[in-house]
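The lines below spell out each chain.
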Amino acid sequence: MDGNRRSEICFIEEFLELYAAGRRDFSGLSFDSIDGNFSLLEGADLSGINLAGANLAQFNLTGINFNGAYLVGIDFSEGSVYECNLSRADLRGANLIDQDWVAW
């Protein structure tokens, strides 16, 4: 694995810095914990990512590829998920209340 790709990013700040720098492929990453309020995270490839138990309650997610992602127990409430790929995503126990969903 090259120096730009790691299987785990421990801090959400590092993730946001990489995203702001233009990186969009985060497939296969695992977070120890994640919470916060991203105003917009658009077009990222998060296929296969492990966000189990993450708090994304007020995130606005557009065009995200969550194909095969492990999203067990994730809190997606009060945000929006627009044109995201959730095929094969594991959403067991996810909080989807008050969600504005337009997924493909």
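Residues numbered from 1 in each chain as written. Predicted model: local features only at pLDDT ≥ 70, side-chain atom pairs only at ≥ 80, totals over all residues. Heavy atoms only, no water.

**Focus on the overall build of the protein chain**
A count of helical and extended segments in the protein chain gives one helix and four strands. Secondary structure elements in the protein chain, listed N-terminal to C-terminal, are α-β-β-β-β. A burial count over the protein chain gives 37% of its 104 residues as buried. Put simply, 3% of the contacts in the protein chain that link residues at least 6 apart link residues at least 24 apart. A total accessible area of about 5,500 Å² is found for the protein chain, and carbon and sulfur atoms account for 48% of it. (Helix = DSSP H or I, 4+ residues; strand = E, 2+ residues; numbered from the N terminus. Buried < 20%, exposed > 50% of the residue type's maximum accessible area, 1.4 Å probe, protein only. Contact = heavy atoms within 4.5 Å. Areas by Shrake-Rupley, 256 points an atom, 1.4 Å probe, with all protein chains shown as cover.)

**A look at the nonpolar core**
One finds L46, L61, F66 and L71 to be the most contacted residues of the largest nonpolar core, which totals 24 residues. Residue assignment for this core shows that the elements contributing at least two residues are α1 (12-20) and β3 (80-84). When residues no more than four places from it in sequence are discounted, the contact partners of L46 are F15, F26, S27, L41, I64, N65, F66 and A69. (Core = buried A, V, L, I, M, F, W, Y, C linked by side-chain atoms within 4.5 Å.)

**So, the pattern of salt bridges**
Taken as a whole, this structure holds one salt bridge when the rule is applied. Two residues, R92 and D90, come together in a salt bridge whose shortest N-O distance is 2.6 Å. (Salt bridge = Lys/Arg side-chain N within 4 Å of Asp/Glu carboxyl O.)

**Some words on the environment of A52**
Here A52 is to be found in the loop between β1 (41-42) and β2 (60-62). A52 gets classed as partly exposed once you look at its relative accessible area, which sits at 38%. The spacing of A52 and G73 is 21 residues in sequence and 5.8 Å in space, taken between C-alpha atoms. Filtering out sequence-adjacent residues up to four positions away, A52 remains in contact with Y70 and V72.

**Topic: unusual backbone geometry**
Keep in mind that most residues, glycine aside, have a negative phi and that most peptide bonds are trans. A positive phi angle is found at E83, which is not glycine, with a value near 50°. Tracing the sequence through the fold places E83 in strand β3. Given the relative accessible area of 38%, E83 is considered partly exposed. If you check the backbone angles, R88 has positive phi at about 60° while not being a glycine. Examined against the element boundaries, R88 turns out to sit in the loop between β3 and β4 (100-103).

**Focus on the environment of L51**
Mapping L51 onto the fold places it in the loop between β1 and β2. Sequence separation between L51 and G73 is 22 residues; the distance between their C-alpha atoms is 8.7 Å.

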